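Here is how the chains run, residue by residue.
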Amino acid sequence: MAATIILFIIVVQIGVSYIANQRDVSLQTKRNMTIAFFFAVVVCMVAYDIACMEPSYYDILGVTPDADDKTLKRAYKSLSKKLHPDKNPDDPDAADNFILVHEVYEILLAKDLRETYDSYGQEYLVNARITPRSKSVDLSYERLLMYHVPFYFVSALVAYALTISKKSNEARPYAFVMLFGLATAEWYTKTYHDALPYVPLTIFQQIECLKNIYHYMLQGAIMYAGLVYIDIEAMKLTLLDTVRRQLEDQKLRLENQEIMIRLLIKEVIGNKKKLDINGSEQKSQGSENTKILDQLSNLDPKSKNKALERKRKEDAEAALEKAKAKQSKEHPWGLYIFIGLSLLNYFSK
């Protein structure tokens, strides 16, 4: 059983990984494909388990589970003649096979033994020490309880342990619901077996298949829960980290804007200072002109005209010198051309 479960997990994991890597398929389609693939694998695994089952007593006699007493007798006579040690002297297992067929026939021929075998299988007969010579069958409550409780108790513990992680925690309710459904199906199959459709398997073989299906369904539910699991805490942390990064970027941008604003303010203040200096120079120049005009107002008209004319010439010469100095700074080539023309004029004379 463990080997088949491991094989089931490997096959389902490969299939689920392939479906999850499909980029052009929506999430809902991926889930539907996963469920369909899972059930297909379960059907294949159940068919494999049935094929690998140990032969039942009916298989040993070569009859079906619904065979009547006459069919059992015919099958026993045919096999006893065929497997008799006297007719198979070269076969060392002939005597054991002959004894096995005889014991199987006696168990299936007795009604109580046959019902017990159909419901619980050969293992229960061996553990309860029930033989064809047993006058009664021990189907007490305590023995049946000890037969059923270990499986369901261990299955419940395994289901709890497998669903303890965050990813598989959502599969826990389904696991216990399926376990309860398995117990109900086992009780119903044993109680109302005659009312169920005919299946070429004994009751205990059918229950064994149901138990295998439960194990497959449990593993599938855990894997599917892990596939659709969304870690809310991880999403919150990721969202908080994203918001933190955005706030840091915004803070950096605001700091850069603050630096630019400070630079602009410094530039504006510098320009203002320059304007204030130019304004003060103009004011001082105006005050000097006012003083000169006041001095000129005390002179006679001829002296006043001469002083004004001299003041105009001085202003004109100062303006010309300033213009030349500015031009020489901005356009030094003009000064070079002027010097060149002056030298040319000098030598031409």
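Residues numbered from 1 in each chain as written. Predicted model: local features only at pLDDT ≥ 70, side-chain atom pairs only at ≥ 80, totals over all residues. Heavy atoms only, no water.

Chemist: Explain the overall build of the chain to me, please; I cannot follow it from the model alone.
Modeler: Each helix and strand counted, the chain has 12 helices and 0 strands in total. Of the regular secondary structure in the chain, the N- to C-terminal order runs α-α-α-α-α-α-α-α-α-α-α-α. Every one of the 349 residues in the chain was classed for burial, and the buried ones make up 23%. Total accessible area on the chain is roughly 25,600 Å²; 61% of this is exposed by carbon and sulfur atoms. (Helix = DSSP H or I, 4+ residues; strand = E, 2+ residues; numbered from the N terminus. Buried < 20%, exposed > 50% of the residue type's maximum accessible area, 1.4 Å probe, protein only. Areas by Shrake-Rupley, 256 points an atom, 1.4 Å probe, with all protein chains shown as cover.)

Chemist: Looking at this model, I keep getting lost on a negative patch on the surface. Mind explaining?
Modeler: Where like charges cluster on the molecular surface, the negative patch consists of D90, D91, D93 and D96. Inspection of the secondary structure puts D96 in helix α5 (residues 94-109). (Patch = residues over 30% accessible without salt bridge, like charges linked within 9 Å, V, L, I, M, F, W, Y side chains within 5 Å. Salt bridge = Lys/Arg side-chain N within 4 Å of Asp/Glu carboxyl O. Lys, Arg positive; Asp, Glu negative; His and termini not counted. Charge placed at Lys NZ, Arg CZ, Asp CG, Glu CD.)

Chemist: Got a minute to help me understand the environment of E208 in this structure?
Modeler: Here E208 lies in helix α9 (residues 203-228). Linking E208 and D49, residues 159 residues apart in sequence, is a C-alpha distance of 9.3 Å.

Chemist: How do you make sense of a positive patch on the surface when you look at a structure like this?
Modeler: Positive charge collects at one region of the surface, where K70, K73, R74, K77, K81 and K87 lie side by side. Here R74 is to be found in helix α4 (residues 69-83). With relative accessibility at 55%, the residue R74 sits in the exposed group.

Chemist: I keep staring at the nonpolar core and nothing clicks. Help me out?
Modeler: Soluble globular proteins: nonpolar side chains tend toward being buried together. In this structure, Y57, L61, V63, L72, L108 and Y117 are the most contacted members of the largest nonpolar core, which totals 21 residues. Going through the elements one at a time, α3 (57-61), α4, α5 and α6 (111-127) are the ones with two or more residues in this core. Not counting residues within four places of it along the chain, the set of residues in contact with L61 comprises L72, A75, L79, V101, V104, Y105 and L108. (Core = buried A, V, L, I, M, F, W, Y, C linked by side-chain atoms within 4.5 Å. Contact = heavy atoms within 4.5 Å.)

Chemist: I would appreciate a short explanation of the packing of aromatic side chains in the present structure.
Modeler: Two aromatic rings, taken as a pair, are described by how far apart their centres are and by the angle between their planes. Under the definition given, this model contains 9 aromatic pairs. Summarising the aromatic geometry, the rings of Y57 and Y117 are spaced 4.1 Å apart at their centres and angled 5 degrees between planes, so their arrangement reads as stacked. Placement of the pair is Y57 in helix α3 and Y117 in helix α6, with a sequence separation of 60 residues. Pair check on accessibility: Y57 and Y117 agree, each one buried. Three or more aromatic residues link up through ring pairs in this structure, and these residues are Y57, Y58, Y117 and F204. The ring of F151 has K211 lying over it, and the distance from NZ or CZ to the ring centre is 4.3 Å. (Phe/Tyr/Trp six-rings, centres within 6.5 Å; stacked < 30°, edge-to-face > 60°. Lys NZ or Arg CZ within 6 Å of the ring centre and 35° of its normal.)

Chemist: Explain α6 here, please?
Modeler: Counting along an α-helix, one turn takes 3.6 residues, and residues three or four places apart therefore face a common direction. The terminal C-alpha atoms of α6, which comprises 17 residues, lie only 19 Å apart, well short of the 24 Å expected from a rise of 1.5 Å per residue. Of the residues making up α6, those classed as buried are L113, R114, T116, Y117, D118, S119, Y120, G121, Y124 and L125. Looking one or two places after α6, you find R129, whose phi comes out positive at around 55 degrees. (Expected span 1.5 Å × (residues − 1).)

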